[in-house]
Amino acid sequence: RSSFCVGRSLRIPKNQCTTQCQVCLKRQKHLFLVPFAYTAVFWLVGSGVISSDMIVKSMSRSGNRAELKIGPVQYGLIMTLMTWCYWKRVEAIFVIMTLSFGDGFAALMGNLSAKNKKLWWNNSKSWIGLISYIVTSTAGIIGVCWYFTE
């Protein structure tokens, strides 16, 4: 049975893929520092250590810099962990795609209508946003799996 390794478009045996990814992981352990650096900047801006109106306006919904310590920092920590632990592995792609597709479309669809019903456990989120997150994340993962296995 064939599998695929992220970064390769050719089908290769699963044992070779695992070996190649482990070799890549050994050579490129420092790459997690890129998402970690962005995460550190978000936390420092959110804490008030660094002042950046541009980052606050682009990353927060209300303009409150403290919001950066919640969502963007959590997002960045997940990206950092995926890069550190699963570099060039399918597991990382699934997590990153779920966040990227889902979070983007949830924000877009959740803000389209003021009539959206709010979630009972989080009044700042809507049912349309949650459903958009689930649908687009699932479709994105299925699409990538289909693309790489065909």
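Summary of the structure given here. (Residues numbered from 1 in each chain as written. Predicted model: local features only at pLDDT ≥ 70, side-chain atom pairs only at ≥ 80, totals over all residues. Heavy atoms only, no water.)

## What about the layout of surface pockets?
Thought 1: Estimates place the volume of the largest pocket at around 540 Å³.
Thought 2: Contributing to the lining of the largest pocket are 18 residues, with Arg-61, Gly-71, Pro-72, Asp-103 and Lys-125 lying nearest its centre.
Thought 3: Within the residue set of the lining of the largest pocket, elements represented by two or more residues are α4 (71-85), α5 (90-110) and β4 (122-126).
Thought 4: For the lining of the largest pocket, the element with the most residues is α4, which contributes 5 residues.
Thought 5: Taken together, the residues of the lining of the largest pocket break down into 8 nonpolar, 6 polar and 4 charged. (1 Å grid on protein atoms, 1.4 Å probe; cavity = no way out; pocket = protein on both sides within 12 Å on 5 of 7 lines; lining within 4 Å. Points joined across faces, edges and corners; volume = space filled by probe spheres on them. Helix = DSSP H or I, 4+ residues; strand = E, 2+ residues; numbered from the N terminus. Nonpolar A, V, L, I, M, F, W, Y, C, P; charged D, E, K, R; others polar.)

## Re the packing of helix α2 (residues 33-47) against α4
Between two packed helices, the angle of one axis relative to the other and the distance separating the axes together describe the packing.
Thought 1: Put simply, α2 and α4 touch, their axes get as near as 8 Å, and they point 160 degrees apart. Put simply, α2 runs roughly antiparallel to α4. At the point where α2 passes α4, the crossing takes the left-handed sense. Contacts from Pro-35, Phe-36, Thr-39, Phe-42 and Trp-43 of α2 reach α4 at Pro-72, Val-73, Gly-76, Leu-77, Met-79, Thr-80 and Thr-83.
Thought 2: Within the contact of α2 with α4, the residues separate by chemical class into 8 nonpolar, 4 polar and no charged. (Axes fitted to C-alpha atoms, helices over the stretch in contact; angles between N-to-C directions. Parallel < 35°, antiparallel > 145°, perpendicular 65-115°, else oblique. Left-handed = near helix turned anticlockwise from the far one by under 90°. Contact = heavy atoms within 4.5 Å.)

## With respect to the pairing of β4
Thought 1: In the sheet, strand β3 (residues 118-119) pairs with β4 via 2 bridges, with the strands oriented antiparallel. Each residue of the ladder has a partner; that of Leu-119, found in β4, is Asn-122.
Thought 2: Hairpin connection, β3 to β4: the antiparallel pair is bridged by 2 residues. (Pairing = 2+ DSSP bridges.)

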